Amino acid sequence: MADLDDLFHLDQYVGPESLAELCFQVICKNLDIISVKDKHGYRNLLKGVVFPSEICDKLIEYVLRNEPNEDHNSFFTIFKNVWITKLKRVKVVGSNMTDSSVQILTNHKLVKLELTDCPNITAQSIDYINANSENLHTLVFRGNSMIIPLTLTEYQTQGYVFKTPNLRTLALECVRICAPEYNILLSRLTNLTHLDLSNSFGVGTFDFFHLVPNLVSLVLYNVNITSQAPAFVSNICHLKNLRHLDISQIKPQDGVFTNPDAILSDIVNGLPQLISLDISGTNLAGVDIVDRGMQTVEHSFYSDIYNSNLCDIPGLISRVDRPLQFLGLYGANDAPCRRRNIPAKLIAGNANEDQILVAAHVYMNNKENLMLKVMSDLYHMYRYENCHRMDQALCAVLEAMEKYPTQKDIQISGSAALFYIVKMKEKGELEARLKKRIVRTLLVGMCIHKNEESMMRNGCLTLYQFRLPQDVMSHYESLVKLLLHLAKHAVQESYVQRIGIFLLGTLACKVSGREKRLLGNLGCIKTMLELIQYRVESRIFDDVMEVAWSTMWNVTDETPINCQRFYEENGMVLFYRCVMQYPRKEELLKNMMGLLGNVAEVQSLRVNLMLQPYMIVFTNLIRTVRESIEVPYNAVGILAHIASDGVDAWTIRRPTRNAVLELMVEAIERWDISSERNINYRSFLPLLRLVDIYHTPQCQHWAVWALANLTTVYPHKYCILVIREGGLEKLNTLISDPRPYERIKELAHIVIENCCHYSSNSNDMNIDSPLDEDYIYSSDG
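Everything quoted here is computed from the prediction, not taken from an experiment.

Caption draft 1: Seen up close, the environment of Ser145. For Ser145, the location among the structural elements is in the loop between strand S5 (138–142) and strand S6 (169–172). Look at Ser145 and you get buried, because its relative accessible area is 2%. Sequence separation between Ser145 and Thr116 is 29 residues; the distance between their C-alpha atoms is 5.9 Å. Here Ser145 is in contact with Leu115, Thr116, Asp117, Cys118 and Ile121, once residues within four sequence places are set aside. At 3.1 Å, the side chain of Ser145 and the backbone nitrogen of Asp117 are in polar contact.

Caption draft 2: Spatial organisation of the sheet that holds strand S9 (residues 244–246). The ten strands are arranged S3-S4-S5-S6-S7-S8-S9-S10-S11-S12 in an open sheet whose pairing can be described as parallel. Across the chains shown, the open sheet's two edge strands, defined by having one partner strand only, are strand S3 (89–93) and strand S12 (344–348). Going across the sheet, the axis of each strand differs from the next one's by a mean of 5°, ignoring polarity. Note that S5 and S6 share four bridges and pair parallel. Of the residues in S6, the one forming a bridge with Val140 is Ala171. Docked against the sheet, helix H12 (residues 353–363) engages strand S10 (276–278), strand S11 (324–328) and S12, running at close to 75° with respect to S12.

Caption draft 3: Quick look at H12. Burial within H12 is extensive, with eight of its eleven residues counted as buried. Turning to H12, its buried residues are Glu353, Gln355, Ile356, Leu357, Val358, Ala359, Ala360 and Tyr363. Looking at the buried side of H12, the elements it contacts are S10, S11, S12, helix H13 (368–383) and helix H14 (390–403). Capping the start of H12, Asn352 holds a side-chain oxygen 3.2 Å from the backbone nitrogen of Asp354, two or three residues further along.

Caption draft 4: Just the packing of aromatic side chains, in detail. In this structure the tally under the stated criterion is 19 aromatic pairs. The interplanar angle of 40° and the centroid separation of 5.4 Å between the aromatic rings of Phe684 and Tyr718 together place this pair among those described as tilted. Of this pair, Phe684 sits in the loop between helix H28 (657–670) and helix H29 (685–691) while Tyr718 is found in helix H31 (residues 715–724), placing the two residues 34 residues apart along the sequence. On the basis of relative accessible area, Tyr718 is assigned to the buried category, the value being 0%. Grouped by ring-pair contacts, the aromatic residues Phe575, Tyr576, Tyr614 and Phe618 constitute a single cluster. Stacked on the ring of Phe502, the Lys or Arg Arg498 has its end atom at 5.1 Å from the ring centre.

Caption draft 5: Looking closely at unusual backbone geometry. Each neighbour pair has its own omega, and for Leu468 with Pro469 the value is 5°, a cis peptide bond. Topologically, Pro469 is positioned in the loop between helix H17 (453–463) and helix H18 (476–489). The phi angle at Arg188 is positive, at roughly 65°, despite the residue not being glycine. On the secondary structure map, Arg188 appears in the loop between helix H6 (182–185) and strand S7 (194–196). One non-glycine residue, Lys510, lies in positive phi territory at about 60°. Its location among the elements puts Lys510 in the loop between helix H19 (495–507) and helix H20 (513–521). The exposure class assigned to Lys510 is partly exposed, which follows from its relative accessible area of 44%.

Caption draft 6: Spatial organisation of helix H1 (residues 19–29). Every buried residue of H1 is accounted for by Glu21, Phe24, Ile27 and Cys28. Burial along H1 is one-sided: seen end-on, the buried residues are contained in an arc of 130°. Of the exposed residues in H1, those oriented more than 90 degrees away from the buried face are Leu19 and Lys29.

Caption draft 7: Focus on the pattern of salt bridges. Throughout the structure, instances matching the rule amount to 27 salt bridges. Salt-bridge contacts for Arg467 lead to Asp471; the nearest nitrogen and oxygen are separated by 3.5 Å. On the basis of relative accessibility, which here comes to 48%, the residue Arg467 falls in the partly exposed class. Residue Asp471 is classed as buried on the basis of its relative accessible area of 12%. The residue Glu530 makes a salt bridge to Lys526 at a minimum N-O spacing of 3.6 Å. With Glu530 and Lys526 both in helix H21 (residues 524–538), this residue pair falls four residues apart, about one helical turn. Classification of Glu530 by relative accessible area gives partly exposed; the value is 34%. Accessibility expressed as a relative area gives 39% for Lys526, which makes it partly exposed. A single network of salt bridges, built from pairs that share partners, joins Asp246, Asp278 and Lys367.

Conventions adopted
Residues numbered from 1 in each chain as written. Predicted model: local features only at pLDDT ≥ 70, side-chain atom pairs only at ≥ 80, totals over all residues. Heavy atoms only, no water. Helix = DSSP H or I, 4+ residues; strand = E, 2+ residues; numbered from the N terminus. Buried < 20%, exposed > 50% of the residue type's maximum accessible area, 1.4 Å probe, protein only. Contact = heavy atoms within 4.5 Å. Polar contact = N/O pair within 3.5 Å; in protein donor to acceptor, adjacent residues only side chain to side chain. Pairing = 2+ DSSP bridges. Axes fitted to C-alpha atoms, helices over the stretch in contact; angles between N-to-C directions. Phe/Tyr/Trp six-rings, centres within 6.5 Å; stacked < 30°, edge-to-face > 60°. Lys NZ or Arg CZ within 6 Å of the ring centre and 35° of its normal. Arc of directions from axis to C-beta. Salt bridge = Lys/Arg side-chain N within 4 Å of Asp/Glu carboxyl O.

Honestly, that's just the spatial picture; any functional story needs more than this.
This is the structure:
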């Protein structure tokens, strides 16, 4: 085994993705690029396309990982023609493939075939393997890929199961045959060097040496051999070339041996080449010297060794001068991994971070139950920021979550550990590609376990550690769908619902019109209004209500279709009820009025605001003197847009148009031109449209005051917007026109002066260049 420093690396996840990787990603999501479906739904490569094994092997990996819901039988028919496609090393994980696909794959005379969690394959695949086995060196079946039948009666006549003369590695998990039938199962496999029979039955008594004499690795994880321990030890000790032995257990009660010290000693003394041994979950490490008492003659030799501080595991005394390269002690009886003198260079245990990371590496691929415990240990360790191998820990957690997406406990513990690891990382330390992988891994787990509160909470909290929405844009739609599901189905007023809505609100801020329309298409407006309605009817006021209105404010910004959705979903009715129910909630009023400001910018919707109850609310809000100008500012803005449609559009008798216009001017003149604002504009086009409303100067007054205020307080943000959107030309035209009153022209001069001053201090500014990212804002409330 490699040194601890070499177990996990982030190198493959930093820097830009290779061109090959990008091509694979595009192809696996668009298989029609390389193939066509026939009338039976089978895929055939396009004419003239030829793929070597380097491409074909990788294509299978990418499609299965990124398109788990694809019809895999249809996909595998791409490789039916062995002359234009070449497969060499095939690894299939979590597939709905059947035996017909196995036949297609094996026709390529594979060197390696690994099928994990493919529940639809049967013993029929054995015949396909045997018919094309001349090059086969590695054959692996794990998880619920149950290829071996419960009895081998039908193979007794021919005397073998696998006709694979060159096979070196065989892994068969969960074999349920009786003990004598292993003689048939392993018949004619004398060239095997690596054998894995994890979770299998009846293994303890058969003769390994005569069946598979050349083994260098034997894995019997979770195989009960305690009742036949003496015979088992005698058998395996004939395997003089054995270098790795795994007899670990998931349940400690299944790993209790009689005379454990003697058995372990017999194993290591009988296997002279042994360098790797896993006895996790067993009692083979014996009892610590502190508990032994050393009262018997039997232990007098051990006592001398202990007193010399050479070895704290009795059965490994013979290896003091020749330590094992690896020793698995995870979950072993009496916590031997915490002892001081252990003759091994790398130890899998839970005594410290290094041991847990070693365990994660060793148990990653085929020990799901142990990985459950490892991930839990990682979480508890990093919860208290005891992390010294942060990069390796991050790799281990991500790899485990990716390998076991449907395992709820691994996902929950992994996402919790991930939160603390990401939180401890320095800002900017995570590469963009690594962030993308973290987000993708979290979303896969959250989507599969979206009704698990702990998983959703952990995922949302981890995502909050990133720059949002920038770091999640590659998975924006998937994340929005997930959060909307959470907002709808989580327990009302629960913490997980609250954090999900906060995250959704953040995703609605500082995004383009495309994302805003997507949010509307996915039902964001409807979901937010449902949350608000529940709280209004329950007379509950909380920050979720404020965030829900803020989210809709952002989603409707310069997005008329979402403004239309707000109205059609009876948003105005809820607006009125909130105003009546919470007249003094400043933040709530600001968010609601900001949203209605967006609605008022849509000419076709303004007629729906021209109702007496709403107009009374707007005029009352501009009369009230408040600490912040945001509420009256938005109220005046709404009325300015309504008034811009002319006298004929004012269809109510009270309040009168003239009275409202007077109130607007009074309110504007109360505001300090240097007031700091809690509002962000992506564009000034709605304001500049009002600058052209000469028939109602009060509309111009509000728009020009807004421009003067923003360019005075935030010149670096907003002067360039005025310049780029043609504002200076409109303001100069306004100044030369006799219809606007003098105060409007004074404010216009302020805007022009601010912009000229900004331009003179920005000599290198290219006015014709696209907007920089720093100048793209939305109303984030």
